[in-house]
Amino acid sequence: MSDNVVKFKGNGTGLIMLLDQNTPYPKLEAAIKARLAENAKSFPAGTVIKTSPNGFGQKAQAAMMAIFDEYSLKLEFSDEALVRNAPAARSEHRAHRDMPAGRDERVEEMLVINRTVRGGEEISSKSSVLICGNVNPGAQIIAGGSIDIRGTCRGVVHAGAFGDTEAFVIADNLMPVQIRIADLIARSPDNMEKRDKAERAFIKDGQIVIESIER
Amino acid sequence: MSQVIVVTSGKGGVGKTTTTANIGVGLAMRGKSVVLIDTDTGLRNLDLLLGLENRIMYDLVDVTEGRVPYKKALVRHKKFETLFLLPTSQVKDKSSINPAQLIVLCNELRKEYDYIIIDCPAGIEQGFQTAIAAADTALVVTMPEISAVRDADKIIGELGRADKDNIKLIVNRIRPQMVEKGDMLDMNDINDILSISCIGQVPDDEMVVTATNKGEPVIVSGSSLAGKAYTNIVGRICGEEIPFMEFPKEGFFARLKRAFGM
Ligand SMILES: Nc1ncnc2c1ncn2[C@@H]1O[C@H](COP(=O)(O)OP(=O)(O)OP(=O)(O)O)[C@@H](O)[C@H]1O
Ligand SMILES: [Mg+2]
């Protein structure tokens, strides 16, 4: 039930919590608690989640922030959360990524990490993953969907980990030790130069290929 | 406002204890009151670097287990009167103190001393978790080589998970000639990966070893390159803006010698 009242979504820049407008506050609070109890583990500590102020009073805002704080997550109230989720913004998102319209559903849920992922860390998610930071050597990102890294990728990345051959990996500097997409593996050349252009890795004719992209 | 600083690294042998001793002495030379806590239980050697081994009566475990008040266990430095060492036990193991005990102790020490500096054991196990528990600031020591930088990266991740957000980097044992030839990581390579602010670049300097053997950290004489680098770190810890020093490049003669394989 709480699934319809409280939703987490990724947009281009971060993670957003959408709340049902018609649910009264005490019920909303219970629903948030229930959702976090289920899902908080999939968000790394320190993740910032934005939500629209939606006319909440200061007391309600403080109470909600405290709930997130218990899971070491940060809740921010921002009008941005409302605007960015407008349908127009989403279709732009889709166009940008060259996705056929029918696949829209899949990008809806996205895990967003707003920091550098360091060696020894593993991020795994059933959804797509957006990382606003670097992925360092020794770090591992595993996503059911695609992986987008707004930074340098030197770790191991596995997109489409449950068999999605349409999944891809994008990074500002794509220099991972290994790229895996679905059940294919590509390893990096033994001496890798630093790239100065964003690149995308995807499957073409049964092979992982890399092409540079504009963004 | 007193500060609790932990000196940590991940990889062993990169210079944590050397850094702790030098920064401690440097702060005391500026008149600050300082307690150095050795938490590398079972492998203690901070006392050796400070030349205080023969003065140890009690240790950290005696204090955390309540056998003696901390004042009784503190060893005052013979030359710098505001510098104290809280030595660790030579015989017990790293599990003999827990994070809560160290937090309680540091809160006591904060009332009386300006700086409390904790020398951390290598690794990311229990001993590390205990050592960082009480700290406001973490100094991560690394060397310009890939394995040390990767371990530093892991440590920075661990510190982040422990909610330590004031983390500073010290790069130790830099060899300018090797960096110049491209045989050693340079600061750009290191910053590229670690992306935290750096407060120290210390050259590889045999005076460090000489000083260690004398039981007097290299910062005391102040004339060596490493000594100067540590003096600068101390200044930066005290909030001063000090530019990083240029290391002298290999001289013409040395290069000539190398060219002729001498
Ligand atoms: N800048 C330097 N130049 C030359 N030698 C150095 C320098 N820094 C440290 N050393 C030497 O490196 C060795 C290891 O240093 P130190 O004991 O401080 O490392 P550590 O990180 O505390 O080690 P451990 O992990 O075992 O506790 C010592 O022999 C020390 O003298
Ligand atoms: Mg040591």
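Quick caveat, the model's predicted, so the values are computed rather than measured. (Residues numbered from 1 in each chain as written. Chains lettered and ligands numbered in written order. Predicted model: local features only at pLDDT ≥ 70, side-chain atom pairs only at ≥ 80, totals over all residues. Heavy atoms only, no water.)

Caption draft 1: View of empty space enclosed by the protein. Residues and elements named next belong to chain B. Using the criterion set out here, one finds four cavities of 30 Å³ or more in the structure. Approximately 40 Å³ is the volume found for the second largest cavity. Taken together, Thr18, Asn22, Leu49, Val208, Ala211, Thr212, Glu216, Pro217 and Val218 make up the lining of the second largest cavity. Those elements giving two or more residues to the lining of the second largest cavity turn out to be helix 1 (16–29) and helix 10 (206–214). A per-element tally of the lining of the second largest cavity places helix 10 first, with three residues. Within the lining of the second largest cavity, the residues separate by chemical class into five nonpolar, three polar and one charged. (1 Å grid on protein atoms, 1.4 Å probe; cavity = no way out; pocket = protein on both sides within 12 Å on 5 of 7 lines; lining within 4 Å. Points joined across faces, edges and corners; volume = space filled by probe spheres on them. Helix = DSSP H or I, 4+ residues; strand = E, 2+ residues; numbered from the N terminus. Nonpolar A, V, L, I, M, F, W, Y, C, P; charged D, E, K, R; others polar.)

Caption draft 2: How the structure looks around the nonpolar core. By size, the foremost hydrophobic cluster in this structure holds 49 residues, and its most contacted members are Met17, Ile32, Ile49, Phe68 and Ile141 of chain A. Residues within four places of isoleucine 32 of chain A in sequence aside, it is in contact with Val6, Met17, Leu19, Met64, Ile67 and Phe68 of chain A. Of all hydrophobic cores here, the second largest spans 45 residues; its members include Ile37, Cys106, Ala138 and Val140 of chain B. (Core = buried A, V, L, I, M, F, W, Y, C linked by side-chain atoms within 4.5 Å. Buried < 20%, exposed > 50% of the residue type's maximum accessible area, 1.4 Å probe, protein only. Contact = heavy atoms within 4.5 Å.)

Caption draft 3: View of the site of ligand 1. All names here are of chain B. In the region of ligand 1, 18 residues are neighbours, and Gly13, Lys16, Thr17, Thr18 and Asn172 sit closest. Glycine 13 places a main-chain nitrogen or oxygen 2.9 Å from an oxygen atom of ligand 1. Within the backbone of aspartate 205, a nitrogen or oxygen atom sits 2.9 Å from a nitrogen atom of ligand 1. Protein contact buries 80% of the 640 Å² of open area that ligand 1 shows by itself. (Near = heavy atom within 4 Å. Polar contact = N/O pair within 3.5 Å; in protein donor to acceptor, adjacent residues only side chain to side chain. Areas by Shrake-Rupley, 256 points an atom, 1.4 Å probe, with all protein chains shown as cover.)

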